[in-house]
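# Results of the structural survey
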Amino acid sequence: MDRSMAVVLAALAGVMPAAAEPVGVAAQGGFPEYLFLEKSPRAEADATARMLAKAVIAGRMIIFAHGAKITDPALGDKGFGGAVFEQQWRRATDDLTIEATPTQKRILDKLFWAGRQVIDNNQDRINVQGIAWKHFLPAKWEREMGQVFTARTGIIIKQPGRTYRNPVNVPDDVERATLEHFIRAGHDENRPRVTFATMGKQPVVRYMEPIRLLAPCLPCHGKPKGQPDMLGFHKDGLDTGDLIGLMSVTLAVGD
Ligand code: HEC
């Protein structure tokens, strides 16, 4: 080794200690929620989580149905505010809410409220003129709605992704195992996975069902794998019916 190389290596050893603590990693212990404001009686916890998952999927579909209008660069005001959205969403979930218990009704009302907030919060974005892709997608609505809903209820709604585009959607260990289960099991396996667990001292029910791709999802999540989509993310290389993520609900159980 010549002298100058030795100097460079010595300098590097000074700035890069061999056994450095890793940075930018998850802190150990702790849970995504600590104060469980809303709880569901154990007897109906599974059904409540399922109801929330179905309602969120219905909300996603409404955003999706407005996609052409939202991405039309010629349009300014889209007439798609929180009140309009909430009305359509409630109508689309009539069959769910008709059988809801009083606890379920109260929780669903907070879900509708959270979804409406997010549409109202995004009005400036939705109504931008002259730009087609405004990064207002069902998945973005759901992510922001989930955070608003968690703030008000302590119930966690997430959509962990197979290859996540937003870091909020990173799967935890149970979600990763569930993604793998649905990928292994193939297109016809859609039975939700329900487990009882604890977060700290709090018993919770964890409900997960698959989110599968439809044809209109493929410009971004389809083929060819690795090609940039219109937002710059690499396409996932998947087909219709393939698993892209999970609807994941974590709900405290108690009276
Ligand atoms: C215009 C491109 C585009 C289309 C079309 C699209 N997505 Fe996405 N998808 C994204 C982006 C961008 C995100 C990250 C959104 C965020 O959280 O801000 C995302 C996130 C997701 C996530 C959460 C995991 C993650 O990657 O962060 C799921 C699940 C998902 N999409 C499913 C779907 C499904 C199902 C469809 C069709 C109904 C669809 N997407 C259509 C671009 C797209």
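Residues numbered from 1 in each chain as written. Predicted model: local features only at pLDDT ≥ 70, side-chain atom pairs only at ≥ 80, totals over all residues. Heavy atoms only, no water.

### Things to note about the nonpolar core
Among the nonpolar cores identified, the biggest contains 41 residues, and L52, L111, W141 and F149 are the most heavily contacted of them. Listed by contribution, the elements that provide at least two residues to this core are α2 (42–65), α4 (82–92), α6 (102–121), α8 (138–153), β4 (202–212) and β5 (243–253). Excluding residues that lie within four positions of it along the chain, L52 makes contacts with I107, L108, L111, F149, I155, I157 and V249. (Core = buried A, V, L, I, M, F, W, Y, C linked by side-chain atoms within 4.5 Å. Buried < 20%, exposed > 50% of the residue type's maximum accessible area, 1.4 Å probe, protein only. Helix = DSSP H or I, 4+ residues; strand = E, 2+ residues; numbered from the N terminus. Contact = heavy atoms within 4.5 Å.)

### So, a nonpolar patch on the surface
A surface patch of nonpolar side chains, amounting to about 340 Å² of accessible area, comprises W133, M230, L231 and F233. With respect to the element layout, W133 can be found in the loop between α7 (123–126) and α8. (Patch = residues over 30% accessible without salt bridge, like charges linked within 9 Å, V, L, I, M, F, W, Y side chains within 5 Å. Areas by Shrake-Rupley, 256 points an atom, 1.4 Å probe, with all protein chains shown as cover. Salt bridge = Lys/Arg side-chain N within 4 Å of Asp/Glu carboxyl O.)

### A short note on α4
Of the residues making up α4, those classed as buried are G82, F85, E86 and W89. Within α4, the buried residues cover an arc of 100 degrees as seen down the axis, which keeps them to one side. Its buried side turned inward, α4 meets α2, α6, α7 and α8. (Arc of directions from axis to C-beta.)

### Observations concerning the coordination of the iron atom of the ligand
Within the protein, just one atom coordinates the iron atom of the ligand: H221 (NE2), at a distance of 2.1 Å. For H221, the position within the fold is in helix α10 (residues 218–221). (Donors = N, O, S within 2.8 Å, 3.2 Å for Na, K, Ca; no water.)

### A look at the packing of aromatic side chains
All chains considered together, the criterion is met by five aromatic pairs. Between W89 and F112, the aromatic rings sit 4.9 Å apart at their centres with planes inclined by 85 degrees, giving edge-to-face as the arrangement. Residue W89 is located in helix α4, and its partner F112 is located in helix α6; the two are separated by 23 residues in the primary sequence. Here the two residues W89 and F112 agree in accessibility, since each one is buried. (Phe/Tyr/Trp six-rings, centres within 6.5 Å; stacked < 30°, edge-to-face > 60°.)

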